[in-house]
Amino acid sequence: MLRDLGPAMNPFAAFLLLQGLETLSLRAARHCSNAAELAAFLAAHPYVAWLALATLRRGAFGGVINFGVKGGALQASRVVDRLKLASNLANLGDAKTLVIHPGSTTHHQLSEEEQRASGVQPDLVRVSVGIEDISDIIADFDNALRIAFEAPVPP
């Protein structure tokens, strides 16, 4: 192990690790508060079919939200494609908001039955909520949902 990786972390990596640890609690709190506010917005949105809240304690949020888009897989994918602030990536826990439609990306190789067995509904959108200003995040989701439903579906 020492031969392959060295006896210690390089100084710059150690510096970056320490810098990140110093602000971790602040970033985590912002992720959670932003997620709670985005969830409240999505729960009342006319184009949102469902919001996964059953596994959360009342008033306790992490930084990840799962919700379903009315209209199924095609509409969910269209919403994700129309987001501007949120990046379409499979990562979690970044400082920026990340979003993915698992049915057409990470779980695409599975049949619909296998997707459902693994907890992936066709209309599922997964969001790792970032630390940007919450009004910007909400505006991005509201805009993407409205455009996805108001624009004609191509043949």
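Quick summary incoming for the structure in this document. (Residues numbered from 1 in each chain as written. Predicted model: local features only at pLDDT ≥ 70, side-chain atom pairs only at ≥ 80, totals over all residues. Heavy atoms only, no water.)

**Focus on helix α3 (residues 24–43)**
Step number 1: Over its 20 residues, α3 runs 28 Å from end to end, which matches the ideal 28 Å to within 8%, given 1.5 Å per residue.
Step number 2: Of the surrounding secondary structure, the elements contacted by the buried residues of α3 are β1 (48–51), β2 (64–69), β5 (124–128) and α6 (134–150). (Helix = DSSP H or I, 4+ residues; strand = E, 2+ residues; numbered from the N terminus. Expected span 1.5 Å × (residues − 1). Contact = heavy atoms within 4.5 Å.)

**Here's the deal with the sheet that holds strand β4 (residues 98–100)**
Sheets are built from strands paired through backbone hydrogen bonds, the pairs being either parallel or antiparallel.
Step number 1: Pairing within the open sheet is mixed, and its 5 strands lie in the order β1-β2-β5-β4-β3. Each edge of the sheet is formed by a strand with only one pairing partner; in this case those strands are β1 and β3 (87–88).
Step number 2: Sheet analysis places β3 next to β4, joined by 2 bridges and oriented parallel. If you follow S87 over to β4, its bridge partner there is L98.
Step number 3: Most of the contacts of α3 go to β2, to which it runs at about 10°, and overall it touches β1, β2 and β5.
Step number 4: Relative to β2, α6 is tilted by about 20°, and along the sheet it contacts β1, β2, β4 and β5. (Pairing = 2+ DSSP bridges. Axes fitted to C-alpha atoms, helices over the stretch in contact; angles between N-to-C directions.)

**Concerning α6**
Step number 1: Relative to the 24 Å expected for 17 residues at 1.5 Å per residue, α6 spans 24 Å between its end C-alpha atoms, a close match to the ideal helical length.
Step number 2: When we look at burial in α6, the residues that qualify are I134, I137, D140, F141, A144, L145 and A148. All buried residues of α6 project into a common sector of 130° when viewed along the axis, lining one side.
Step number 3: Summarising the contacts, the buried residues of α6 are in contact with α3, β1, β2, α4 (73–82), β4 and β5. (Buried < 20%, exposed > 50% of the residue type's maximum accessible area, 1.4 Å probe, protein only. Arc of directions from axis to C-beta.)

**Quick look at the packing of aromatic side chains**
Step number 1: In total, this model carries 3 aromatic pairs according to the counting rule given.
Step number 2: Note on F67 and F141: the rings are 6.3 Å apart at their centroids and 70° apart in plane angle, and the pair reads as edge-to-face. Note that F67 is positioned in strand β2 and F141 in helix α6, a separation of 74 residues in sequence.
Step number 3: For F67, a relative accessible area of 0% gives the class buried. (Phe/Tyr/Trp six-rings, centres within 6.5 Å; stacked < 30°, edge-to-face > 60°.)

**A short note on the packing of α3 against α6**
Step number 1: With their axes 10 Å apart at the nearest point, α3 and α6 run at an angle of 30° to one another. By the criterion of interaxial angle, the relationship of α3 to α6 is roughly parallel. The handedness of the crossing between α3 and α6 is right-handed. Contacts between α3 and α6 involve N34, E37, L38, F41 and L42 from the former and I134, I137, I138, F141, D142 and L145 from the latter.
Step number 2: Taken together, the residues of the contact of α3 with α6 sort by class into 8 nonpolar, 1 polar and 2 charged. (Parallel < 35°, antiparallel > 145°, perpendicular 65-115°, else oblique. Left-handed = near helix turned anticlockwise from the far one by under 90°. Nonpolar A, V, L, I, M, F, W, Y, C, P; charged D, E, K, R; others polar.)

**Observations regarding the pattern of salt bridges**
Opposite charge on two side chains permits them to pair, given that their charged atoms come into close proximity.
Step number 1: Scanning the model with the defined rule gives 1 salt bridge in all.
Step number 2: We note a salt bridge from R146 to D142, for which the minimum N-O separation is 2.9 Å. Taken as a pair, R146 and D142 lie in helix α6 at a separation of 4 residues, close to a single helical turn.
Step number 3: On the basis of relative accessibility, which here comes to 33%, the residue R146 falls in the partly exposed class. (Salt bridge = Lys/Arg side-chain N within 4 Å of Asp/Glu carboxyl O.)

**A look at the nonpolar core**
Step number 1: If you look at the biggest cluster of nonpolar residues, it comprises 24 residues, and the most contacted ones within it are L38, I65, F67 and V127.
Step number 2: When residues of this core are traced back to their parent elements, those giving at least two are α3, β1, β2, α4, β5 and α6.
Step number 3: Here this core takes 6 residues from α6, the largest share from any one element.
Step number 4: Ignoring anything within four residues of it in the chain, the contact list for L38 reads I65, V127, V129, I134, I137, I138 and F141. (Core = buried A, V, L, I, M, F, W, Y, C linked by side-chain atoms within 4.5 Å.)

Structural measurements only, silent on function.
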